[in-house]
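What follows is the residue order along each chain.
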Amino acid sequence: MEFHLQSTFEEALKQGINLFLGAGFSILAKDHEDELLPTAGTLVKELSQIFKVPDSLDLPKISTILDSTKKNDFRNYLLNRFNVKSFDPRYFSLDKFFVKNIYTTNIDNLTQKIYSQSDKHYLIDVTINGAFLGKESINYIPLHGSIENPQKPFKFSPNEIVSAFSTDRDTWQYLRQGVEKYPTLFWGYSLSDAGVIEALFSPGSNYKFHQTKWIILSDKNESMDQYFDALGFNIIYSNTDKFLNYLDGLKLGKEEIGILRQGTSKLFGELAIPKAGTVSVRPVIEFYKGAPPIWFDVFSSNIVRTSHYENVIDLINKKKEILVLGIPASGKTTLMMQIAASYQFNGHKLVTSYLPYNKAKFIANKLGSDKCIIFIDSFKDNLDAFEYLQRYPNIKIIGFDREHNFDIISHRLDSRVEIYDITDLTQIDVQKIFDQIPLEIRGKELIHTINNGLFEFVNANIHGNSIKARYNQIFQELAQQSIDLVDLFVMCCYIHTCRTPVSFDMAYAFLSNSIPDYNDIIATVEALGSLLTDYPNSFVDDDQDYFQTRSTIVAETVIEKVPPVIFKRVLKRFTQNVGTYRICNYYTFKKMGYDSKFAVKAFPNWEEGMTFYEDIYQKDDSFYVLQQEALYLANRKRFTEAFVAIDKAIRLSHDRHFSIRNTHAIILFEANINGDSSDPVVQQTLEKSLNILTDCYIRDPRKFYHAKIFAVQAIQYYSKFSNIKGKKYLITASERLNDVISDYNHPRIRGLRDLSNRINDMLQNIERNHKV
């Protein structure tokens, strides 16, 4: 079998699943004449032979003729032909699973015979008894009638189906609701029934929000694949015989219904997923304008579930730890909230973007033996907590982060962690998202983007000002009101990009040199109004407020667009006024807050930039600060000063920190690559850089980044000298890239593949032209 989302299917067999059965399901059952039950095609031939009607007609047409001319004989034949006497014993395997509803277009009584001997489940024929939901009961819905209920007519013809749909719409509505509530397997059925298609997939059926659906197809057919894919089906290539073998051999552990000692909200407070009726409400248009998702968006199903939703759930069901990655604004947080809210799990479900090591220990202690799944946004910043919680078999971690952070943490992830990237959207995803954008802002025609990340695609397909244009305008309005307002807003954006919120203490310290009055500072913060929002995760100190800008995209947009002179003023003001002890989650902040990219933007004058880093170093005398200073100075082509900073960082790190050594190699290389190629010192220095990177690659588990930098330098070295040593460097670079590519299953490898292909082309060109 070929089976998409098999783990999710097997989980559904334990948690609850619908069966939708067609003629192909019953082909291994026999009637009282010991004949196999017929499919539609076989039945047409039998009816044609017995009742002398043209076999060129299809079953609905033949049924219409016989209903009009030989109704009793036709009905008696069906009652006998579809009365099951015996069947393949593998059908009994269905009784092992948690089936919620069985819908069928078959009129036979095979299903009743299967469950008639069960001591686990019993059928409730909804057409006779109405629906009943119990632990042991299975609702049975014979859509075309059943020989077990001969008083009701069988429905074969299109007119009967249409009539049934128009006169009893609630039957079809009931069918819809079942498919929306539980995963469904379509077995032996081709969806050729017009009434069922109308019920499931009409414009008002809300089919985009169905639970996961599978359909069994016996043969591959590209056009049918596309059709069922468009309807949201996952295809199982099999037949009834093979699928019964699979089910019969399937050994699923009993679902352990753990009795939780206390409710999740009572135990874990703000980490618990809120109840749908308790969350704040807003128009969904705010999400499509660039605001981050809120729980109301998720609970109300106002945001499309992309194909990644089912794929990630399938990985979760494989009992693996998962790291979900994507480019900025690709919908990671949205997907995390959608899965967290809907994933069926017999235990605690927690959601956070801030999980320090000690809090992880606290959670483990409170859990005891309770099962728990924790969804962690900004995974890189919470890696210590992840590594601690990994040792607990009752805790599962699902992380979400930007894909470029994979380079930094890959060496700390073992083979148990599955990597999944959500950046790319399918064409079906794109169309569904476009259709869901509110009409008042949706563009007239769908516009495809270079990479269909969620935000980039939405931003290209709404009219009016883009988020960047809107915040440019807001920034100008603030500048007209007050320098303090501008500085506070830019500071909040800067802090947000560093993955931590702003506390009122931080705002007070930042503004206190120009606004000494406490109440005036409160008024200044409040003046920013809806530009700020409360931070969703609480800290230990509940006596003060924590806030942030409305989204990471907003924060990054503002930092990108703010004039350097203002950004310089804000950085200097923050560094001088706000002590490290006031900064929330400083351990996370300093990894990003002192990044050389910020200094490059704010300080075009290298002396001012160096002073900025010296001021920081007075407060935090770590080698990381010196490393960022060195990178900044190298960017400004002040290599002498950069060497002073990086040499000091090497001494402080005792030459054991490979990130520092990598930076040393980069600066060595950049300082000399444009030097005179005839100068032996230039060549020796460039080779020293490559040798440092080689040592880093051999000794450091983080081979990804070292291999990449080595390859870039090897290309530049060969381009400068075109010698045998340069060729050897290219060969070594190619080997290392291939090793890294084979070790990692991650889209960031695409960039390495491009680099590898470039080097291979160079080597082939060298061989062709005998350049070396």
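This write-up is about the structure you can find in this document.

Topologically, arginine 282 is positioned in the loop between α12 (264-268) and α13 (285-288). When its relative accessible area of 13% is taken as the criterion, arginine 282 is described as buried. It is 8.1 Å that separates the C-alpha atoms of arginine 282 and aspartate 297, two residues lying 15 residues apart in sequence. Excluding residues within four positions of it along the chain, arginine 282 makes contact with Phe287, Ala291, Pro292, Pro293, Ile294, Phe296 and Asp297. In this structure the side chain of arginine 282 is engaged in a polar contact, spanning 2.9 Å, whose partner is the backbone oxygen of proline 292. Reaching out from arginine 282, the side chain makes a polar contact with the side chain of aspartate 297 at a distance of 2.6 Å.

Its identity as a non-glycine residue notwithstanding, serine 378 has a phi of 50 degrees, on the positive side. The topology assignment puts serine 378 in the loop between β13 (372-377) and α18 (383-389). Its relative accessible area of 17% is what places serine 378 among the buried residues. Unlike most non-glycine residues, serine 722 shows phi in positive territory, near 50 degrees. Turning to its location among the elements, serine 722 is positioned in the loop between α35 (703-721) and α36 (724-743). Judged by its relative accessible area of 38%, serine 722 is partly exposed.

As a further point, take the pattern of salt bridges. Applying the stated criterion to the full structure yields 29 salt bridges. Note that arginine 90 is salt-bridged to aspartate 241, the shortest N-O span being 2.6 Å. Within this pair, whereas arginine 90 is found in the loop between β4 (86-87) and β5 (99-104), its partner aspartate 241 is found in helix α11 (residues 240-249), the two being separated by 151 residues in sequence. Judged by its relative accessible area of 14%, arginine 90 falls in the buried class. Through salt bridges with shared partners, one network takes in Lys380, Asp381, Asp401 and Arg499.

Attention shifts here to the environment of threonine 500. Following the sequence through the fold, threonine 500 ends up in the loop between α23 (483-497) and β16 (502-503). Taking the C-alpha atoms as reference, threonine 500 lies 9.2 Å from tyrosine 535; in sequence the two are 35 residues apart. Residues contacting threonine 500, with those up to four places away along its chain left out, are Ile495, Cys584, Asn585 and Phe589. There is a polar contact of 2.7 Å between the side chain of threonine 500 and the backbone oxygen of cysteine 584.

Let us now look at the side chain of aspartate 487. With respect to the element layout, aspartate 487 can be found in helix α23. In this structure aspartate 487 touches Phe510, Ile566, Arg569, Val570 and Arg573, once residues within four positions along its chain are discounted.

What the rule picks out here adds up to 43 aromatic pairs. Taken together, a centroid distance of 6.4 Å and an interplanar angle of 85 degrees make the contact between phenylalanine 406 and phenylalanine 704 edge-to-face. A residue pair is termed long-range when its members are at least 10 positions apart, and phenylalanine 406 in helix α19 (residues 406-409) and phenylalanine 704 in helix α35 qualify at 298 residues. Here the two residues phenylalanine 406 and phenylalanine 704 agree in accessibility, since each one is buried. On the basis of an interplanar angle of 75 degrees and a centroid distance of 6.2 Å, the ring pair of tyrosine 494 and phenylalanine 567 is categorised as edge-to-face. On the criterion of sequence distance, the pair formed by tyrosine 494 in helix α23 and phenylalanine 567 in helix α27 (residues 564-577) is long-range, its members being 73 residues apart. Tyrosine 494 sits in the buried class, given a relative accessible area of 2%.

Before going further, it helps to examine α35. Over its 19 residues, α35 runs 26 Å from end to end, which matches the ideal 27 Å to within 8%, given 1.5 Å per residue. For α35, the full list of buried residues reads Phe704, His706, Ala707, Ile709, Phe710, Ala711, Gln713, Ala714, Ile715, Tyr717, Tyr718 and Phe721. Positive backbone phi, approximately 50 degrees, marks serine 722, located one or two places after α35.

It is worth spelling out the sheet that holds strand β11 (residues 321-326) at this point. Strand order in this open sheet of five strands is β12-β13-β14-β11-β15, and the pairing throughout is parallel. The open sheet has two free edges, formed respectively by β12 (348-352) and β15 (417-421), since each of these has just one partner strand. With direction set aside, neighbouring strand axes in the sheet form an average angle of 15 degrees. Running at roughly 175 degrees to β15, helix α15 (residues 307-317) makes contact with β11, β13, β14 (395-402) and β15 of the sheet.

This part takes up the side chain of serine 622. Mapped onto the fold, serine 622 is located in the loop between α30 (606-619) and α31 (623-635). Residue classification places serine 622 among the buried residues on the basis of a relative accessible area of 14%. Each residue touching serine 622, except ones within four places of it in the same chain, is listed here: Lys590 and Tyr617.

Below, the discussion takes up the sheet that holds strand β17 (residues 532-534). Pairing between the strands of a sheet comes from backbone hydrogen bonds, and it takes one of two forms, parallel or antiparallel. A sheet is described by the order of its strands in space; here three strands give the open sequence β16-β18-β17, paired in antiparallel fashion. Of all the strands in the sheet, the pair left with one neighbour each is β16 and β17. Pairing analysis gives three bridges linking β17 to strand β18 (residues 546-549), with the strands arranged antiparallel. Each residue of the ladder has a partner; that of aspartate 534, found in β18, is phenylalanine 547.

Before going further, it helps to examine the packing of α15 against helix α16 (residues 332-342). At a minimum axis distance of 10 Å, the contact between α15 and α16 shows a crossing angle of 55 degrees. Taken together, the axes of α15 and α16 lie oblique to each other. With respect to the hand of their crossing, α15 and α16 are arranged in right-handed fashion. Contacts from His308, Tyr309, Val312, Ile313 and Ile316 in α15 reach Leu335, Gln338, Ile339 and Ser342 in α16. Here the residues of the contact of α15 with α16 are counted per class, giving six nonpolar, three polar and no charged.

Axis separation between helix α2 (residues 40-51) and helix α4 (residues 71-81) bottoms out at 12 Å; the angle between their running directions is 135 degrees. Relative to α4, α2 is oriented oblique. Here the hand of the crossing between α2 and α4 comes out right-handed. Facing Leu43, Glu46, Leu47, Ile50 and Phe51 of α2, the residues of α4 in contact are Asp73, Phe74, Tyr77, Leu78 and Arg81. Classifying every residue of the contact of α2 with α4 gives seven nonpolar, no polar and three charged.

What follows deals with the pairing of β11. Within β11, six of the six residues are buried, leaving the element largely enclosed by the surrounding structure. Relative to β15, β11 runs parallel, the two sharing five bridges. Bridge pairing in β15 places leucine 325 opposite aspartate 421. Note: β11 against β14, five bridges, orientation parallel. If you follow valine 324 over to β14, its bridge partner there is phenylalanine 400.

On to the nonpolar core. Counting residues in hydrophobic clusters, the biggest one holds 71 residues, and the most contacted among them are Leu488, Val490, Tyr494, Phe567, Phe574 and Phe589. Element by element, the count of residues in this core is highest for α23, at ten residues. With residues up to four places along the chain from it excluded, the contact list for phenylalanine 567 reads Val490, Tyr494, Ile559, Val562, Phe598, Lys601 and Ala602. Tyr697, Ala711, Tyr718 and Ala733 belong to the second-largest nonpolar core, a separate cluster that totals 35 residues.

Analysis parameters
- Residues numbered from 1 in each chain as written.
- Predicted model: local features only at pLDDT ≥ 70, side-chain atom pairs only at ≥ 80, totals over all residues.
- Heavy atoms only, no water.
- Helix = DSSP H or I, 4+ residues; strand = E, 2+ residues; numbered from the N terminus.
- Buried < 20%, exposed > 50% of the residue type's maximum accessible area, 1.4 Å probe, protein only.
- Contact = heavy atoms within 4.5 Å.
- Polar contact = N/O pair within 3.5 Å; in protein donor to acceptor, adjacent residues only side chain to side chain.
- Salt bridge = Lys/Arg side-chain N within 4 Å of Asp/Glu carboxyl O.
- Phe/Tyr/Trp six-rings, centres within 6.5 Å; stacked < 30°, edge-to-face > 60°.
- Expected span 1.5 Å × (residues − 1).
- Pairing = 2+ DSSP bridges.
- Axes fitted to C-alpha atoms, helices over the stretch in contact; angles between N-to-C directions.
- Parallel < 35°, antiparallel > 145°, perpendicular 65-115°, else oblique.
- Left-handed = near helix turned anticlockwise from the far one by under 90°.
- Nonpolar A, V, L, I, M, F, W, Y, C, P; charged D, E, K, R; others polar.
- Core = buried A, V, L, I, M, F, W, Y, C linked by side-chain atoms within 4.5 Å.

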